[in-house]
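Structure at a glance
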Amino acid sequence: MVREAKKEDLLEILKLYLYLHEESVPEQSIHLADTWEQIIQDQNHYIIVNEIDEKIVSSCVCVIIPNLTRNVRPYAFIENVVTHASYREQGFASGCLEYARNIAKEHNCYKIMLLTGSKDQKTLDFYKNAGYNNTDKTAFIQWL
């Protein structure tokens, strides 16, 4: 079942991020709690999860960004697309991306952007099959 994350999903989401690029679950802290509360309360920030047997197996983040161009239409940004290793290639991430697409449409977004650091052709093909292309724009990143 694909749904938006609830407040009580935090620990399970953090554990899922170990399959993304994290090396450990962050220590419980006021900063973590405040950040989670800020995300949960932000009406433009969505953490989408896909669960099976009440276990979160895939997730992505969709942020709606207000914009002054394109007839004052917002755009959406997708980040942190991840699936538990035991549940890959079963459509769970695709379900999350489709849910995010529907959110973007509901907000009248004119585009959805997604960046990946992966060079794995399987991953790139997954995003292409989900409707994304890597020919329209060039992305530049400055790490801080």
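Calculation criteria
- Residues numbered from 1 in each chain as written.
- Predicted model: local features only at pLDDT ≥ 70, side-chain atom pairs only at ≥ 80, totals over all residues.
- Heavy atoms only, no water.
- Helix = DSSP H or I, 4+ residues; strand = E, 2+ residues; numbered from the N terminus.
- Buried < 20%, exposed > 50% of the residue type's maximum accessible area, 1.4 Å probe, protein only.
- Salt bridge = Lys/Arg side-chain N within 4 Å of Asp/Glu carboxyl O.
- Pairing = 2+ DSSP bridges.
- Axes fitted to C-alpha atoms, helices over the stretch in contact; angles between N-to-C directions.
- Contact = heavy atoms within 4.5 Å.

**Some points on the environment of N102**
Relative to the elements of secondary structure, N102 occurs in helix 3 (residues 92-106). Assessed through its relative accessible area of 32%, N102 is described here as partly exposed.

**Focus on the pattern of salt bridges**
On inspection of all chains with the given rule, the structure shows 4 salt bridges. One salt bridge in this structure joins R3 and D9, with 2.7 Å as the shortest N-O distance. Look at D9 and you get buried, because its relative accessible area is 6%. In this structure, E37 and K7 form a salt bridge, with 2.6 Å as the shortest nitrogen-oxygen distance. Of the two residues, E37 is situated in helix 2 (residues 30-41) and K7 in the loop between strand 1 (2-4) and helix 1 (10-16); the sequence distance between them amounts to 30 residues. Where salt bridges share partners, they join R3, D9 and E51 into one cluster.

**Brief notes about the sheet that holds strand 4 (residues 75-83)**
Overall, mixed pairing links the 5 strands, which are arranged 1-2-3-4-5 in an open sheet. Strands at the two margins of the open sheet, each flanked by one partner only, are strand 1 and strand 5 (112-114). Shown here is a sheet whose adjacent strand axes are inclined to one another by a mean of 30°, direction ignored. Bridge analysis of strand 4 against strand 5 gives 3 bridges, and the strand direction is parallel. Opposite I78, over in strand 5, you have L114 as the bridge partner. Strand contacts of helix 3: strand 1, strand 2 (45-52), strand 3 (55-65), strand 4 and strand 5, with the helix running at about 25° to strand 3, the strand carrying the most contacts.

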